[in-house]
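Structural characterization, general
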Amino acid sequence: MRSGGSPRWSRLPMPEFCQVALPVPLDATFTYRLAPDVSPVVGGRVLVGFRHQRMLGVVTDVHDEQPTITVKNVISVLDSSPVLDDNLMRLGKWIADYYLAPLGEVLRAMVPLPAEFRRVVHYQIREEGQMALQRARVAGAREERLAEIAVLEYLSAREGAREELLRTTTGASQALLTAMMRKKWILREDQSAARDARRVVKIAVLQGGVAQQTTLNENQHTVLEALAAAGGRAAVEILRELKVPASALRSLVRRGVVEIVEEKAAFHLSSVQARSLASEFNEAQQRALQEIAGRIEKRTFAAVLLHGVTGSGKTAVYLAAMRSVLEAGRSAILLVPEIGLTPAVAADLHDTFGEQVAILHSALSDAERAEQWHRIHRQQARIVVGTRSAVFAPVSDLALIIVDEEHDASYKQEETPRYHGRDVALVRAKMVDAVVVLGSATPSLESYANAMGGKYALVDLPDRVRERPLPQVEVVDMRQEFQETGSEQVISRTLASEIRERLERSEQAMILLNRRGYSPVVLCRTCGKTLECKNCAITLTHHKQRRKMQCHYCGFQAPVPRACVHCGSPYVYFLGTGSEKLEELLHAMFPQARIGRLDRDTVRGRSDFERVLCALNQGELDLLVGTQMIAKGHDVHGVTLVGVVGADVALGMPDFRGAERTFQLLTQVAGRAGRGETPGKVILQTYFPDHYAVQYAARHDFRGFYDKELRFRNWMHYPPAGRLANVLVRSEELDEALGWSGQLGRWFENTRLEGIRVLGPAPAPILRLKRDYRYHFVLKSPSRERLNALLRRMLAYAVEAKIPRTHVIVDVDALWFM
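Described below are features of the structure shown in this document. One numbering rule holds for all chains: residues counted from 1, following each sequence as written. Where local features are concerned, this predicted model is filtered to residues with pLDDT of at least 70; where side-chain atom pairs are given and counted, the filter is 80 or more; whole-chain, interface and lining totals use all residues. With hydrogens and water stripped out, all remaining heavy atoms of the structure feed into the side-chain values.

**Let's talk about the packing of helix H4 (residues 146-156) against helix H6 (residues 174-182)**
The test is simple: Every angle, taken between N-to-C directions, lies between 0 and 180 degrees, and every axis is a line fitted to C-alpha atoms, over only the stretch in contact when it is a helix. Numbering goes from the N terminus for both helices and strands, where a helix is a DSSP run of H or I of at least four residues and a strand is a run of E of at least two. Comment on the angle field: the value is read as roughly parallel under 35 degrees, roughly antiparallel over 145, roughly perpendicular from 65 to 115, and oblique elsewhere. The contact definition used throughout considers only heavy atoms, calling two residues in contact when any of these lie within 4.5 Å. Ten residues, namely Ala, Val, Leu, Ile, Met, Phe, Trp, Tyr, Cys and Pro, are considered nonpolar, four, namely Asp, Glu, Lys and Arg, are considered charged, and the remaining ones, Gly among them, are considered polar.
Between H4 and H6, whose axes approach to 11 Å, the crossing angle comes to 75 degrees. In this view, H4 runs roughly perpendicular relative to H6, as classed from their interaxial angle. In this structure, H4 contributes Ala147, Glu148, Val151 and Leu152 to the contact, and H6 contributes Leu176, Leu177 and Met180. Residue classes in the contact of H4 with H6 are distributed as six nonpolar, no polar and one charged.

Here you go:
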């Protein structure tokens, strides 16, 4: 293991050892011996053994320095040329250093190629296991041994079994198998290896000589007729839809009537229709493009904050800037915050740049992602669009990175490595002298403060394209609505009336409720207790269509209770409204309306989102209900009304960014209205009508909100007035979490803290999450360097105190403190 030393970036002649970064929670690289015929490259992948399993790692150095311990051999080399070039390796090291993340886990996030590695773990029964099984058969097994006996019985009946099959068949946990290995009852063998991840499709091709076949049955004739109708060739997957036995096709293949060939599978970038963007720029757009293009031509690093109101034509400016980059033979990356925005943006890019466009995001299959990544790596695509991980796209001669909706919290990863896509984009651009454009109608306070301080160039798009007006916003006080109607209302009378008007005029409307499910709380009226997740200190949400109670954090599900699980009372009450219930209410109020819903329950994959978006664009939907997925970036000209239901929940959360999040969400969703020829209107329902975030959002006044919110941040030394980090201590055992957080708390008390304030330890707002009890510290400092140095010392102390690294989570520039 080696954690220091300067890397050698070129391949050395016949080196004897290499340093490998592995995706494990350890702040070190590992030394492996190279066979004489093995020659890895820095930035390439190798297959190595680590403890009891095989892993893919990235080579960080090759050398002849003799280690002081016995080391394992590299099993195989996957790449003859680097998958991460020098600049990307430097970027990975910066991320590991700044976000205090293990380098191996950072590099794994940067190379999205899991499809090229097949994990195969094989188990066999050993002689000791056979003897234990015989004893159990003779004397009988105690109840606590039944699970072990089931594993032994299964393995004794065959030569061995793959791990997933063994666990599925016997119900054995990983912990049980590990315990049986310690007893030497079973043997584990890791047979993982690299594999070909190319996507292929099997095609059935009709051959000659069909007329001579007189003994074909009805099913075989059906297959032949389908092939003939398709022009003599069709995908095997399509032929399976004929509802004939698979043996019919196999028989035709044996007879030579049909041949099965493999062809490269097609990739459809987007099924969404490209938008009609204005080809003629207004004066503000022309100034913005000139500013961006001029900085790109200088080939020096620059950051530009493009602050444009919703509908001001930022996307058209992006496309024009990328066109100039492509014409110069260089590359560009466009980041979007949500997968949901990718289809529409990808359609626009493909319409403009054709096959030069590649797409990268987590909704693609592993094989699709690998295919797109290799297209970029081979320089077959110079324009890349994707979510935050697309910032690592291996483009050559990078000239421009655009971060659309730069304020969005989705750019911050909430698992290791906890990087911020926007900030990584800035660092990558600085390393290669590229230009970064940060675009938003509601910039983060941090970005706008940087623009005000001269770190970024500020370019404004103050008006909508074609002189279209911003939507009129009407605030409805839901407290007054309750007083006048005498009951709790989800849809106010004003919003109901406006929806009815739009339906009569054949216009479209969007209704935002930023909460999934049917009802977020189940309450017993007898004992007053709620139904909570067994893994989290969170109430379960009722999902009516799926007839399930579900935790939106860990995924735990339970049946819908007929009686209270605590006291048995039948008086169980479902409280609150989610997007599923809102859709049902709207169906009852407007039975003739065509209503769609867009949230994480209805969108399971890329095609689901595209289908709903296409239906809305083509006028097949009258109303679209959804969570924040509908609030960003969508440009649907038929939408003239936006209703906001309960979007001010964040104002009551223990989060200093609550007002900023509320202002951004309200402004963004309001911007979906009136993007066509017909002016738009927004009905904003709230229980906090006097809150400054609501008031400024209703007036479309970003600068007013910025000035007021910045005063609060300065008083409390919160970003952008200072730097923040969240240190989370977690354990499945409450005593351990308390003990470890107490140890770290005493260390902070006894450590000299120059210009750093430490708050805590305190219970996290959600005390238990995914089975872990959680306590945290919040650290504030005006100096990023001092804060980083203290956190590094704290982690070193945690190692000395034998606090497991995986149980201390450090989140630099944290956005989520729950």
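Further notes follow.
**A closer look at the environment of glutamine 592**
Along the chain, the position of glutamine 592 falls in the loop between helix H18 (579-589) and strand E28 (595-598). Counting along the chain gives 89 residues from glutamine 592 to leucine 503, while the straight-line C-alpha distance between them is 9.2 Å.

**Some details on the sheet that holds strand E20 (residues 457-461)**
Keep this limit in mind: Whether two strands pair depends on DSSP finding at least two bridges between them.
Here seven strands make up an open sheet; going across it, the order is E16-E17-E15-E18-E19-E14-E20 and the pairing parallel. Strands with a single pairing partner mark the edges of an open sheet, and in this sheet they are strand E16 (357-360) and E20. In this sheet, adjacent strand axes meet at a mean angle of 20 degrees when their direction is disregarded. Bridge count between strand E14 (residues 302-308) and strand E19 (residues 435-440): six bridges; the pairing is parallel. Across the sheet, the residue bridging to alanine 302 is valine 435, located in E19. Helix-sheet contacts for helix H15 (residues 445-452) involve E14, E19 and E20, and the interaxial angle to E14 is about 115 degrees.

**Some points on the pattern of salt bridges**
Under the convention used in this document: The term salt bridge refers to a pairing of a side-chain nitrogen on Lys or Arg with a carboxyl oxygen on Asp or Glu at a separation within 4 Å. Summary of the burial criterion: residues with accessible area below 20% of their type's maximum are buried, those above 50% are exposed, and those between are partly exposed, where the area comes from a 1.4 Å probe applied to protein chains only.
This structure, assessed with the given rule, holds 43 salt bridges. We note a salt bridge from lysine 412 to aspartate 811, for which the minimum N-O separation is 2.6 Å. In this pair, lysine 412 sits in the loop between strand E18 (398-404) and helix H14 (421-432) while aspartate 811 sits in strand E35 (residues 808-812), placing the two residues 399 residues apart along the sequence. Given the relative accessible area of 4%, aspartate 811 is considered buried. Here glutamate 484 and arginine 493 are joined by a salt bridge, their closest N and O atoms 2.4 Å apart. The class of glutamate 484 is partly exposed, set by a relative accessible area of 47%. Looking at arginine 493, the relative accessible area reads 44%, which means it is partly exposed.

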